[in-house]
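Single-letter residue listing:
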Amino acid sequence: MSNQAKHIAIIMDGNGRWAELQGKKRVKGHEVGAKVVKEITTYCSNTKDIERLTLYAFSTENWKRPRLEVEFLMKLLDTYLKNELSVYLENNVRFEPIGDIRAFSKSLQKTIKMVEEKTSHCDGLIQSLALNYGSQDEIIRAINTLKDTKDDITAEMISNQLDCKCDVDILIRTGGDNRLSNFLLWQAAYAELFFTDTLWPDFTTKELEKIIKKFTKVERRFGGLK
Ligand code: FPP
């Protein structure tokens, strides 16, 4: 039987370079990148087998960027969520943020929670945006919730405390770099990794389809033998 791509996770890299290549400001790349988020989410919501799509939208390290770029990303996220609420509902997509959103402004936190609540009844695709997310931060927060436990800590106990509790099947990184950048390190333990030079604003459903096709043929052994 071929593999099922139930959980796809994407590191959406290359927005800034895409814009610079066209002589535009970096933030233009983020703006176009947000449109690609919508296209890919809609595609996944209409594709059999895909249950979850997790997208790296803002990392715990992204605060190091220039203040204006960070502010732009915050505003873009707020507008995106408000505008896309109807699209989430039309496509039966549940929005489930991961990451520590307490660092965001009160009004952005309110928007995030509003979309999460209003889509909570949707039972199609789960779209998770990783927001102020870092895998190490997520694991530390999980372990801190368990530190008073008397029993030995198990993998299952840690997993149950993570923001994202599901193993990743396919992890894609666009933009040409071959690293995981602190994204879903625990959940991607046995993920199939796909790195593409395509910059995120140029990423298409066609390329995603090709990746899924390749994935279905991979022999996954999870550390065992065939
Ligand atoms: C990486 O590109 C991308 C980000 C840090 C942010 C991802 C944001 C989006 C895709 C758009 C907004 C998303 C939503 C959901 C509204 P980069 O800036 O690191 O590009 P570079 O490597 O070319 O500099």
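Just above sits the structure.
Everything numeric in this text was worked out from a predicted model, so none of it was measured.

### Comments concerning the overall build of the chain
Line of reasoning, step 1. When you go through the chain residue by residue, the secondary structure sums to seven helices and six strands.
Line of reasoning, step 2. Listed by position from the N terminus, the elements making up the chain come as β-α-α-β-α-β-α-β-α-α-β-β-α.
Line of reasoning, step 3. In terms of overall dimensions, the chain is globule-like: its C-alpha atoms have a radius of gyration of 18 Å, near the 17 Å expected for 226 residues.
Line of reasoning, step 4. Summarising its shape, the C-alpha atoms of the chain cover approximately 50 × 45 × 35 Å along the three principal directions.
Line of reasoning, step 5. Burial analysis of the chain (226 residues in total) assigns 49% to the buried set.

### A closer look at helix H7 (residues 205-217)
Line of reasoning, step 1. Here H7 spans 19 Å end to end across 13 residues, near enough to the 18 Å set by a 1.5 Å rise per residue.
Line of reasoning, step 2. For H7, the full list of buried residues reads Glu207, Leu208, Ile211, Ile212 and Phe215. For H7, the angular spread of buried residues about the axis comes to 140°, placing them on one side. With respect to the buried face of H7, the exposed residues turned more than 90 degrees away are Lys206, Lys210, Lys213, Lys214 and Lys217.
Line of reasoning, step 3. Those residues of H7 that are buried lie in contact with strand S1 (7-11), helix H2 (26-45), strand S5 (170-173) and strand S6 (192-195).

About the cut-offs
Residues numbered from 1 in each chain as written. Predicted model: local features only at pLDDT ≥ 70, side-chain atom pairs only at ≥ 80, totals over all residues. Heavy atoms only, no water. Helix = DSSP H or I, 4+ residues; strand = E, 2+ residues; numbered from the N terminus. Rg over C-alpha atoms; globule rule 2.2 N^0.38 Å. Buried < 20%, exposed > 50% of the residue type's maximum accessible area, 1.4 Å probe, protein only. Expected span 1.5 Å × (residues − 1). Arc of directions from axis to C-beta. Contact = heavy atoms within 4.5 Å.

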